[in-house]
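# Coordinate inspection notes
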Amino acid sequence: MKPKSYGHQLLVTVAAAFPAASHLFVYRDARQVVGSFGRHYALQQASGAPERAPPCPLRMRSAHVAAALRTHAPPPSLPALAVSFGADWADAMAHWKDEAAALTGGRTLRFDELRASGGQERLFASLLRWAGVPVETRTLDAMRDAAARDSQEGHIMAGAADAEKRFLSDESAAALVCWLRTLSGLDADAVLPGSLLASC
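Since we're looking at a predicted model, the values are computed, not measured.

Now for the nonpolar core. In this structure, Trp89, Met93, Trp179 and Leu180 are the most contacted members of the largest nonpolar core, which totals 40 residues. The set of elements that each furnish at least two residues to this core consists of α1 (11-17), β1 (24-27), α2 (30-46), α3 (63-71), α4 (80-99) and α9 (170-184). For this core, the element with the most residues is α4, which contributes 11 residues. One finds Leu123, Leu128, Met143 and Leu196 within the second-largest nonpolar core, a separate group that totals 8 residues.

As structure tokens, this is what we get:
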């Protein structure tokens, strides 16, 4: 789940337009999201890019996250980028949780599950079955080959797997966790129901 894309804001619209479509919500720990994108945007701003807009309740898809934003100011120790991306994470997670039951074939996948090498074979087979694609050796080989490549090679995000440790201090990370729990009722490392691996 990439909060900067705001894809979750179109969830209900897309589901209504394509009722037979299946939806897979890929998400990750909020601290990893904020750390990774925070570092990326901080580097961009250092080179002269405009600042990211602060979170706006009117932009939120989750009604209770929007309401909480109006009454719960972010902790002063949080960098502005952490506030912006954290609010987007809370909105996306809460919105999916609210709407998932009404979706046809709605499933979830934690980013950690996606990256886990030990369960990769099971993940690939589950993805194919979920998509209605035959599980064949050549297809699995192609997926293994794609997974072995660094999709961020040459990009500013390359090598940023532990970016949250460099962007967020321990104090800021702890403050973020508490604030997001207030906004969404979810912990930063929340596990959403409907795991693809549990259903395929």
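And the narrative resumes.
Counted by the stated rule, this structure contains 3 aromatic pairs. Measuring from ring centre to ring centre gives 5.9 Å for Phe25 and Tyr27, while their planes differ by 15°; the resulting arrangement is stacked. Here the two residues Phe25 and Tyr27 agree in accessibility, since each one is buried. Between Phe25 and Trp96, the aromatic rings sit 5.0 Å apart at their centres with planes inclined by 10°, giving stacked as the arrangement. Here Phe25 is found in strand β1, whereas its partner Trp96 is found in helix α4, with 71 residues between them in sequence. Both residues of the pair, Phe25 and Trp96, count as buried. The rings of Phe25, Tyr27 and Trp96 are connected pair by pair, giving a single aromatic cluster.

Before going further, it helps to examine helix α6 (residues 120-131). Taking 1.5 Å of rise per residue, the 12 residues of α6 would be expected to cover 16 Å, and the 16 Å separating its terminal C-alpha atoms lies within 8% of that figure. Following α6 by one or two positions, Gly132 has its phi on the positive side, about 80°.

The geometry of α6 relative to helix α7 (residues 137-147) is characterised by a closest axis approach of 10 Å and an angle of 120° between their N-to-C directions. The orientation of α6 with respect to α7, classified from their angle, is oblique. Every pair of crossing elements has a handedness; the one defined by α6 and α7 is right-handed. In this structure, α6 uses Gln120, Glu121, Phe124, Ala125, Leu127 and Leu128 to contact α7, whose residues at the interface are Thr139, Leu140, Met143, Arg144 and Ala147. Its residues placed into classes, the contact of α6 with α7 shows 7 nonpolar, 2 polar and 2 charged.

Before going further, it helps to spend a moment on the packing of α3 against α4. The contact between α3 and α4 brings their axes to 8 Å, and the two run at 150°. Counting all contacts with α3, which are made through His64, Val65 and Leu69, the residues of α4 involved are Ala87, Ala90, Asp91, Ala94 and Asp98. In the contact of α3 with α4, the residues fall into 5 nonpolar, 1 polar and 2 charged.

The next thing to look at is the pairing of β1. Along β1, the buried face is formed by Phe25 and Tyr27; none of Leu24 and Val26, which line the opposite face, is buried. In this structure, β1 lies alongside strand β2 (residues 107-110), joined through 4 bridges in parallel fashion. What sits directly across from Phe25, in β2, is Thr108.

Rules behind the numbers
Residues numbered from 1 in each chain as written. Predicted model: local features only at pLDDT ≥ 70, side-chain atom pairs only at ≥ 80, totals over all residues. Heavy atoms only, no water. Core = buried A, V, L, I, M, F, W, Y, C linked by side-chain atoms within 4.5 Å. Buried < 20%, exposed > 50% of the residue type's maximum accessible area, 1.4 Å probe, protein only. Helix = DSSP H or I, 4+ residues; strand = E, 2+ residues; numbered from the N terminus. Phe/Tyr/Trp six-rings, centres within 6.5 Å; stacked < 30°, edge-to-face > 60°. Expected span 1.5 Å × (residues − 1). Axes fitted to C-alpha atoms, helices over the stretch in contact; angles between N-to-C directions. Parallel < 35°, antiparallel > 145°, perpendicular 65-115°, else oblique. Left-handed = near helix turned anticlockwise from the far one by under 90°. Contact = heavy atoms within 4.5 Å. Nonpolar A, V, L, I, M, F, W, Y, C, P; charged D, E, K, R; others polar. Pairing = 2+ DSSP bridges.

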